[in-house]
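For reference, the chains in residue letters:
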Amino acid sequence: AQENIWKPINCNSPLLGAASNGDLYAMGGYSGLLRSQDEGETWQVVLGYETGFSGYFNQHCFAVSPEGRICVFNDNQQTVVYSDDGGDTWQQTPSISSCAMPDKAGLCVPTNDIMVVWAENGEISYTLDGGVTWEGWILDFLENSESVSDLLVNENGDVYVSVAYYIMNIVGIYHSTLSDIQNWELVAFEGISIKDMAFDPEGNVVAC
């Protein structure tokens, strides 16, 4: 049987993820984005002040598309910064003005064209053309005590939102599409607070 081997990674910052070529990425806070090309032995800043990046992103506002595009949402400038060459060079989308979100909670990039930025208060900004134009929507079924805990989007534009709560019970997993985002349906776990979601390799939603 194949042996299950784990290797510690030498990094003092929150690890964000990996690209298909094995490069690892970690958050450097105001220093920007760190990259390791030797399984975490050494790290270099690929997005930071020395590269012209002046901003901040939280640990959920990082995503790698299946095509390999690395995306970071800049909280300070309300824009998505992206790289198509593993972090060597960077571009940025126009500023997102469709929703007045002071803090973003997460970023999903199922394709190079589709990017979705979301906040815990239910505000969503999305683009279908790689960031040239943005649309916005607010989840009007949320109450004051509820928040969006996670959001998933696939390449077909299906959107899954998990809702956590403190007092009320309008919680569970809701589904919509980017082409009809004003309509939402509760599809799973009514009354159960969901914290995290992910797609499995077959595209099914896994929740906890």
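Quick summary incoming for the structure in this document. Throughout, residues of each chain are indexed from 1 in the direction in which the sequence is written. Given that this is a predicted model, residues contribute local features only at a pLDDT of at least 70 and side-chain atom pairs are listed and counted only at 80 or more, while totals for whole chains, interfaces and linings are drawn from all residues. Hydrogen atoms and water are omitted, and side-chain values are computed over all heavy atoms in the structure.

### A word on the nonpolar core
Here, nonpolar core refers to any group of buried Ala, Val, Leu, Ile, Met, Phe, Trp, Tyr and Cys residues whose side-chain atoms link them within 4.5 Å. Working definition: with a 1.4 Å probe on protein chains only, accessible area under 20% of the residue-type maximum means buried, over 50% means exposed, and in between means partly exposed. Residues L33, F57 and V80 are the most contacted members of the largest nonpolar core, which totals 26 residues. In this description, contact between two residues means that some pair of their heavy atoms is separated by no more than 4.5 Å. With residues up to four places along the chain from it excluded, the contact list for F57 reads L16, M27, G32, L33, V72 and F73. Judged by nonpolar contacts, the second largest core, of 21 residues, contains I114, V116, Y126 and L178.

### What about the sheet that holds strand 16 (residues 185-188)?
Pairing between strands is defined by DSSP: at least two bridges between them are needed. Each helix is a run of H or I in the DSSP string that is no shorter than four residues. Each strand is a run of E no shorter than two, and both are numbered from the N terminus. Here we have four strands laid out as an open sheet, ordered 13-14-15-16, and antiparallel in their pairing. What marks the edges here is a single partner per strand, and that holds for strand 13 (146-153) and strand 16. Strand-to-strand twist across the sheet, computed as the mean angle between neighbouring axes with direction ignored, equals 35°. The angle between two axes is taken between their N-to-C directions and runs from 0 to 180 degrees, where each axis is a line fitted to C-alpha atoms and a helix contributes only its stretch in contact.

### Re the side chain of D158
Relative to the helices and strands, D158 is located in strand 14 (residues 158-165). In this tally, Lys and Arg are treated as positive and Asp and Glu as negative; His is ignored, and so are the chain termini. We count a salt bridge whenever a side-chain nitrogen from Lys or Arg sits within 4 Å of a carboxyl oxygen from Asp or Glu. For D158, which is buried and forms no salt bridge, the nearest opposite charge comes from R69, at a distance of 20 Å.

### Things to note about the pairing of strand 10 (residues 115-118)
Side chains of strand 10 alternate between two faces, with M115 and V117 and V116 and W118 buried alike. Bridge analysis of strand 9 (residues 106-108) against strand 10 gives three bridges, and the strand direction is antiparallel. Looking across to strand 10, one finds that L107 is bridged to V117. Linkage of strand 9 to strand 10, two consecutive antiparallel strands, is achieved through a turn of six residues. As paired strands, strand 10 and strand 11 (residues 123-127) are joined by four bridges and run antiparallel to one another. Bridge assignment links W118 to a residue of strand 11, and that residue is I124. Joining the antiparallel neighbours strand 10 and strand 11 is a turn of four residues, in which G122 adopts a positive phi near 95°.

### Things to note about the environment of P110
Among the secondary structure elements, P110 is positioned in the loop between strand 9 and strand 10. C-alpha separation for the pair P110 and A63, spaced 47 residues apart in sequence, amounts to 8.8 Å. Those residues in contact with P110, other than ones at most four positions away along the chain, are P66, E67, V153, N154 and E155.

### With respect to unusual backbone geometry
With a phi angle near 60°, E39 is a residue other than glycine that sits in the positive phi range. Relative to the assigned elements, E39 resides in the loop between strand 3 (33-36) and strand 4 (44-47).

### A short note on the environment of V81
With respect to the helices and strands, V81 occurs in strand 7 (residues 79-83). Taking C-alpha positions, V81 is 6.5 Å from T93, a pair spaced twelve residues apart along the chain. Ignoring anything within four residues of it in the chain, the contact list for V81 reads L47, F53, I70, C71, V72, N74, W90, Q91 and Q92.

### Comments concerning the sheet that holds strand 7
The antiparallel open sheet is built from four strands, whose spatial order is 5-6-7-8. What marks the edges here is a single partner per strand, and that holds for strand 5 (62-64) and strand 8 (91-92). Relative to strand 7, strand 6 (residues 70-74) is paired through five bridges, and the arrangement is antiparallel. Looking at the pairing, N74 lines up with T79 of strand 7.

### Observations regarding the pattern of salt bridges
Applying the stated criterion across every chain, the model contains four salt bridges. Among the ionic pairs, D84 bridges to R69, the shortest N-O distance being 2.7 Å. Separated by 15 residues along the polypeptide, D84 in the loop between strand 7 and strand 8 and R69 in the loop between strand 5 and strand 6 bring together distant segments of the chain. Residue classification places D84 among the partly exposed positions, given a relative accessible area of 46%.

### Considerations on the packing of aromatic side chains
Ring geometry is summarised as follows: Phe, Tyr and Trp rings, the Trp one being its six-membered ring, pair when their centres sit within 6.5 Å, and such pairs are stacked at plane angles under 30 degrees, edge-to-face over 60 and tilted between the two. Summed over the entire model, instances satisfying the criterion amount to four aromatic pairs. Seen in terms of ring centroids, Y25 and F62 are 5.8 Å apart; in terms of plane orientation they differ by 40°. Their pairing is tilted. Here F62 lies in strand 5 and Y25 lies in strand 2 (residues 24-27), a separation of 37 residues in the sequence. Y25 sits in the buried class, given a relative accessible area of 0%. In this structure F62 comes out as buried when scored by relative accessible area, which is 9%.

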